Amino acid sequence: MNRMAQACVMIFFGAAVLRASVTDLYLRYVKEGLRPFLIAASLLLIAAAVMTLWYELRPYADTPDDRNDPEDPASGKRQQSAEQNASGSTAEDLRDEHTHHEPRVAWLLILPAVGLLLLSPPALGSYAAGQAGTALTADQDYDYPPLPAGDPATTTVFDYASRALFDKGESIGNRRVQLTGFITPGPDGQPILARMILSCCAADGRPVKLGMAGSAPTGLANDTWIQVTGRYTDRITHDPINDEEIPYIDVESWRQVTAPKDPYE
């Protein structure tokens, strides 16, 4: 792979990142607030590739030293002889050296860009949730501001779970809450509600798990998105992966919904 091919790969990769950044596709990889940085990085990558192509395609100067008389053949010969004596290479040798080839395995760098352009991998779901322990741990600090107005109060899986575990439901009281998440198998094989949270990107995604009591849904496939309405219950179980507590919600009703635009909390 020569420099021109490398520049083409850079343009291809930059275009793939730019396409993901101007659509909602980037939300499957990073948090929403990182969009401006992705756009800036993709434009910088494309600009660098264009400059590389311009540098490679520009014509080589036969007389790099303007102080020599172009009409004097001897001057050009003297300059070429001096350059050859100084570096041991002729102009043709320098061109050959300039267009050296890199290992062909470098072409594999194009595969991530192809994946971004042609494929739409799903966001982290039940498989990722089943491989990691719940993200709620007692050594973290949590805030419990008043729940949003309305009945039911719409909140996140993380917010409800932290209130249920570490505030013992006091900030919830007898109010109904509405949560949205996806189905994943629980410790006892029964379906539980889960949602992935990110610190930065999908690489550090961790699940928040919530058991469902009462009128819990049954017979749903993994990764099915649902919206549940229910109340606080003090029932808990333990995650077999990291032995942390998993709270429950007493489900009163539920309905199947489409996956949200931003699948992470």
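Residues numbered from 1 in each chain as written. Predicted model: local features only at pLDDT ≥ 70, side-chain atom pairs only at ≥ 80, totals over all residues. Heavy atoms only, no water.

### Points about the overall build of the protein chain
For the protein chain, the count of helices and strands is 7 helices and 6 strands. Counting only residues that meet the buried cut, the protein chain has 34% of its 265 residues in that class. Nonlocal contacts in the protein chain, meaning residues at least 24 apart in sequence, comprise 69% of its contacts between residues at least 6 apart. If you sum the accessible surface of the protein chain, you get close to 15300 Å²; carbon and sulfur atoms cover 56% of it. (Helix = DSSP H or I, 4+ residues; strand = E, 2+ residues; numbered from the N terminus. Buried < 20%, exposed > 50% of the residue type's maximum accessible area, 1.4 Å probe, protein only. Contact = heavy atoms within 4.5 Å. Areas by Shrake-Rupley, 256 points an atom, 1.4 Å probe, with all protein chains shown as cover.)

### Thoughts on the side chain of Ser21
Tracing the backbone shows Ser21 in helix H1 (residues 3-22). Leaving out residues up to four positions away in the same chain, Ser21 has contacts with Tyr26, Arg35, Leu38 and Ile39.

### With respect to the environment of Arg3
Mapped onto the fold, Arg3 is located in helix H1. Residues Arg3 and Ala49, spaced 46 residues apart in sequence, show a C-alpha to C-alpha distance of 9.5 Å.

### What to know about the state of the cysteines
The final tally for this structure, using the stated rule, is 0 disulfides. Cys201 supplies the cysteine sulfur nearest to Cys200, a cysteine that is in no disulfide, at a spacing of 4.4 Å. Taking the relative accessible area as the measure of exposure, Cys200 reaches 36% and is therefore partly exposed. Assessed through its relative accessible area of 22%, Cys201 is described here as partly exposed. (Disulfide = S-S within 2.5 Å.)

### Quick notes on the pattern of salt bridges
If you walk through the whole model with that rule in mind, you get 6 salt bridges. Between Arg231 and Glu252 there is a salt bridge, with the nearest N and O atoms lying 2.7 Å from each other. Linking Arg231 in strand E5 (residues 225-238) with Glu252 in strand E6 (residues 245-256), this pair joins segments that are 21 residues apart in sequence. A relative accessible area of 27% places Arg231 in the partly exposed class. (Salt bridge = Lys/Arg side-chain N within 4 Å of Asp/Glu carboxyl O.)

### Details of helix H2 (residues 35-57)
With 23 residues, H2 should reach 33 Å at 1.5 Å per residue; the first-to-last C-alpha distance of 33 Å fits that figure. Looking at H2, one finds that the buried residues are Ser42, Ala49, Leu53 and Glu56. (Expected span 1.5 Å × (residues − 1).)

### So, the pairing of E5
Judged from the 6 bridges that link them, strand E2 (residues 177-185) and E5 form a sheet pairing that is antiparallel. Directly across from Val177, in E5, lies its bridge partner Gly230. Counting the residues in the hairpin turn of E5 and E6 gives 6 residues, including Asp243, whose phi is positive at 60 degrees. (Pairing = 2+ DSSP bridges.)

### Quick notes on the packing of aromatic side chains
Taken as a whole and assessed by the stated rule, the structure comprises 1 aromatic pair. If you follow Arg235 out to its NZ or CZ, it ends over the ring of Tyr248, 4.1 Å from the centre. (Phe/Tyr/Trp six-rings, centres within 6.5 Å; stacked < 30°, edge-to-face > 60°. Lys NZ or Arg CZ within 6 Å of the ring centre and 35° of its normal.)

### A look at the nonpolar core
Nonpolar side chains tend to gather and get buried jointly when the protein is soluble and globular. Judged by nonpolar contacts, the single largest core of 23 residues is most densely connected at Tyr160, Leu179, Leu193, Met212 and Ile249. Counting residues per element, the ones that place at least two in this core are helix H7 (157-166), E2, strand E3 (191-197), strand E4 (206-214), E5 and E6. A total of 5 residues in this core trace back to one element, the largest contributor, which is H7. If we skip the residues at most four places from it in the chain, Leu179 touches Thr155, Thr156, Val157, Tyr160, Leu193, Leu210, Ile226, Gln227, Val228 and Ile249. (Core = buried A, V, L, I, M, F, W, Y, C linked by side-chain atoms within 4.5 Å.)

### Concerning the confidence of the model for the protein chain
Considering every residue of the protein chain, the mean pLDDT works out to 81; 82% of them sit at 70 or more. Overall, residues 61-69 carries pLDDT values under 50, and its contacts beyond four positions in sequence, including any with other chains, amount to 7 contacts. (pLDDT = per-residue confidence, 0-100.)

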